[in-house]
Amino acid sequence: MSEALIHQMIEVQEALIELAKQKENALIENHLEDLQGIVRKESALVSKANGLENKMKGSIDFSADHLSSLKEQLLRSVMELKHRNERNTLLIKDSLSFVKGSLQLFQTDRSVYTKEAKSKSGKLSIFDSQV
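Conventions we followed
- Residues numbered from 1 in each chain as written.
- Predicted model: local features only at pLDDT ≥ 70, side-chain atom pairs only at ≥ 80, totals over all residues.
- Heavy atoms only, no water.
- 1 Å grid on protein atoms, 1.4 Å probe; cavity = no way out; pocket = protein on both sides within 12 Å on 5 of 7 lines; lining within 4 Å.
- Points joined across faces, edges and corners; volume = space filled by probe spheres on them.
- Helix = DSSP H or I, 4+ residues; strand = E, 2+ residues; numbered from the N terminus.
- Nonpolar A, V, L, I, M, F, W, Y, C, P; charged D, E, K, R; others polar.
- Buried < 20%, exposed > 50% of the residue type's maximum accessible area, 1.4 Å probe, protein only.
- Salt bridge = Lys/Arg side-chain N within 4 Å of Asp/Glu carboxyl O.
- Expected span 1.5 Å × (residues − 1).
- Patch = residues over 30% accessible without salt bridge, like charges linked within 9 Å, V, L, I, M, F, W, Y side chains within 5 Å.
- Areas by Shrake-Rupley, 256 points an atom, 1.4 Å probe, with all protein chains shown as cover.
- Core = buried A, V, L, I, M, F, W, Y, C linked by side-chain atoms within 4.5 Å.

### A word on the layout of surface pockets
Thought 1: A volume near 240 Å³ is recorded for the second largest pocket.
Thought 2: If you trace the second largest pocket, you find 13 residues lining it, with Leu27, Asn30, Leu32, Ser95 and Leu96 closest to the centre.
Thought 3: Those elements giving two or more residues to the lining of the second largest pocket turn out to be helix 1 (3-29), helix 2 (32-55) and helix 3 (64-106).
Thought 4: For the lining of the second largest pocket, the element with the highest residue contribution is helix 3, accounting for six residues.
Thought 5: Here the lining of the second largest pocket is built from residues that sort into nine nonpolar, three polar and one charged.

### A word on unusual backbone geometry
Thought 1: In this structure, Asn30 takes a positive phi of about 60 degrees despite not being glycine.
Thought 2: Structurally, Asn30 is set in the loop between helix 1 and helix 2.
Thought 3: Using a relative accessible area of 56% as the deciding quantity, one classes Asn30 as exposed.

### Some details on the pattern of salt bridges
Pairing of side chains with opposite charge becomes possible as their charged atoms draw close.
Thought 1: Applying the stated criterion across every chain yields a total of four salt bridges.
Thought 2: Among the ionic pairs, Lys23 bridges to Glu42, the shortest N-O distance being 2.8 Å. On the criterion of sequence distance, the pair formed by Lys23 in helix 1 and Glu42 in helix 2 is long-range, its members being 19 residues apart. One exposure class covers both Lys23 and Glu42, and it is buried.
Thought 3: In this structure, Arg87 engages Glu24 in a salt bridge whose closest nitrogen and oxygen atoms are separated by 2.6 Å. Within this pair, whereas Arg87 is found in helix 3, its partner Glu24 is found in helix 1, the two being separated by 63 residues in sequence.
Thought 4: By relative accessible area, which is 41% here, Arg87 ends up partly exposed.
Thought 5: Shared partners join several salt bridges into a network, and the residues in it are Glu24, Glu80, Arg84 and Arg87.

### Considering helix 2
Helical periodicity: at 3.6 residues per turn, an α-helix aligns residues three or four positions apart in one direction.
Thought 1: Taking 1.5 Å as the rise per residue, helix 2 with 24 residues should run 34 Å; its terminal C-alpha atoms sit 35 Å apart, in good agreement.
Thought 2: Among all positions in helix 2, only Leu35, Gly37, Ile38, Glu42, Leu45, Ala49 and Leu52 are buried.

### Considering a nonpolar patch on the surface
Thought 1: On the surface, Phe98, Val99 and Leu103 cluster together into a nonpolar patch covering about 320 Å² of accessible area.
Thought 2: Relative to the elements of secondary structure, Leu103 occurs in helix 3.

### Describing the nonpolar core
Thought 1: Counting residues in each nonpolar core, the largest one holds 21 residues, and the members touching the most others are Ile6, Met9 and Val12.
Thought 2: Those elements that place two or more of their residues in this core are helix 1, helix 2 and helix 3.
Thought 3: Here this core gets 11 residues from one element, more than from any other, and that element is helix 1.

In structure tokens:
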């Protein structure tokens, strides 16, 4: 495996980290259009990383010390990306829970606010205390 391939892999990982940061902001700010673009870019980078990984399965052609340094740098990048992806997963789960809860609010029994409900109660009020 050549040094250039490892440097390329580190660059791809750092680009993925930057996209993960952008994805986090898009999730927090609910910018779905931005999120779609980020996911497309992320997919392209993941494909590139897979290609680089396949190329890296060759032999090592530089010193063990240098390899150790690059390995540490790559490992840090991978761990940061993993952390950011886990955080983004939690943000997505929270968003889905919020949407699900909001939908459940709209699926309540609406007969309280119909003409029949008004005639049954016998009183007119701005607020319905039965809700």
